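# Chain and residue survey
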Amino acid sequence: MAKNKPTKQHAVPQCYLREWVDPNTPTEQEPYVWIFNRNERKGRKKAPSNIFTETDLFTLKLKTGEKNYSIEETLSRLEGRYASIFRTKIKNHIPLNEEEHITLCAFVGAMLQRTQRHKDSIENFHDQLIERVESMEQAHKA
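Since we're looking at a predicted model, the values are computed, not measured.

### With respect to the overall build of the protein chain
Along the protein chain, the regular secondary structure elements total four helices and six strands. The order of helices and strands in the protein chain, counted from the N terminus, is β-α-β-β-β-β-β-α-α-α. Computed over C-alpha atoms, the radius of gyration of the protein chain comes to 20 Å, more than 25% over the 14 Å expected from 2.2 N^0.38 for 142 residues, which places it beyond the range of a compact globule. The C-alpha extent of the protein chain, read off along each of the three principal axes, is 65 × 40 × 40 Å. Split into buried and exposed, the 142 residues of the protein chain put 24% on the buried side.

### Some remarks on the packing of aromatic side chains
A complete count under the given rule lists four aromatic pairs for this structure. On the numbers, 5.8 Å between centres and 85 degrees between planes, the contact of Tyr-32 with Trp-34 is edge-to-face. Residue class for Tyr-32 comes out buried when judged on its relative accessible area of 8%. Here Tyr-82 and Phe-107 contribute two aromatic rings whose centre-to-centre distance is 3.7 Å and whose plane-to-plane angle is 0 degrees, an arrangement assigned as stacked. Placement of the pair is Tyr-82 in helix α2 (residues 70-90) and Phe-107 in helix α3 (residues 98-113), with a sequence separation of 25 residues.

### Examining the nonpolar core
Within the largest apolar cluster, ten residues are counted, these being Cys-15, Leu-57, Phe-58, Leu-75, Leu-78, Tyr-82, Ala-83, Phe-86, Phe-107 and Ala-110. Contributing elements (two or more residues each) for this core: α2 and α3.

### Some points on helix α4 (residues 116-139)
In this model, α4 (24 residues) spans 34 Å end to end at C-alpha, consistent with the 34 Å of a helix rising 1.5 Å per residue. Positive backbone phi, at 50 degrees, marks Lys-141, one or two positions downstream of α4.

Procedures and definitions
Residues numbered from 1 in each chain as written. Predicted model: local features only at pLDDT ≥ 70, side-chain atom pairs only at ≥ 80, totals over all residues. Heavy atoms only, no water. Helix = DSSP H or I, 4+ residues; strand = E, 2+ residues; numbered from the N terminus. Rg over C-alpha atoms; globule rule 2.2 N^0.38 Å. Buried < 20%, exposed > 50% of the residue type's maximum accessible area, 1.4 Å probe, protein only. Phe/Tyr/Trp six-rings, centres within 6.5 Å; stacked < 30°, edge-to-face > 60°. Core = buried A, V, L, I, M, F, W, Y, C linked by side-chain atoms within 4.5 Å. Expected span 1.5 Å × (residues − 1).

See below:
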């Protein structure tokens, strides 16, 4: 059986968003968070699985045409560890051990880096790097 490809990727992880669901969500509805546009007072309800997503946000597109999901898979494992620590320790105000503290720091660090602005900046850097390498290759006839 082929493994499903993780193409629907979240800029803000679901494990984080789930902690902000409306506690008054009716039992027959999927839990939701409230989304507000800047400068608007009226909000709308959305399930954490349906917000802050983009297709292949962290997918690496290889020259062969194939897609590599290693970044998304790594983030997913980190999110799973964080979610477990949050449920068992943080939510219950239990001190973290050193390994759990490191996981929390890694999760926070990843959250700070997974913005669209950061992604655009990294892609721009890579484009500039490729241009410079190609320029050097031409200059040295490599």
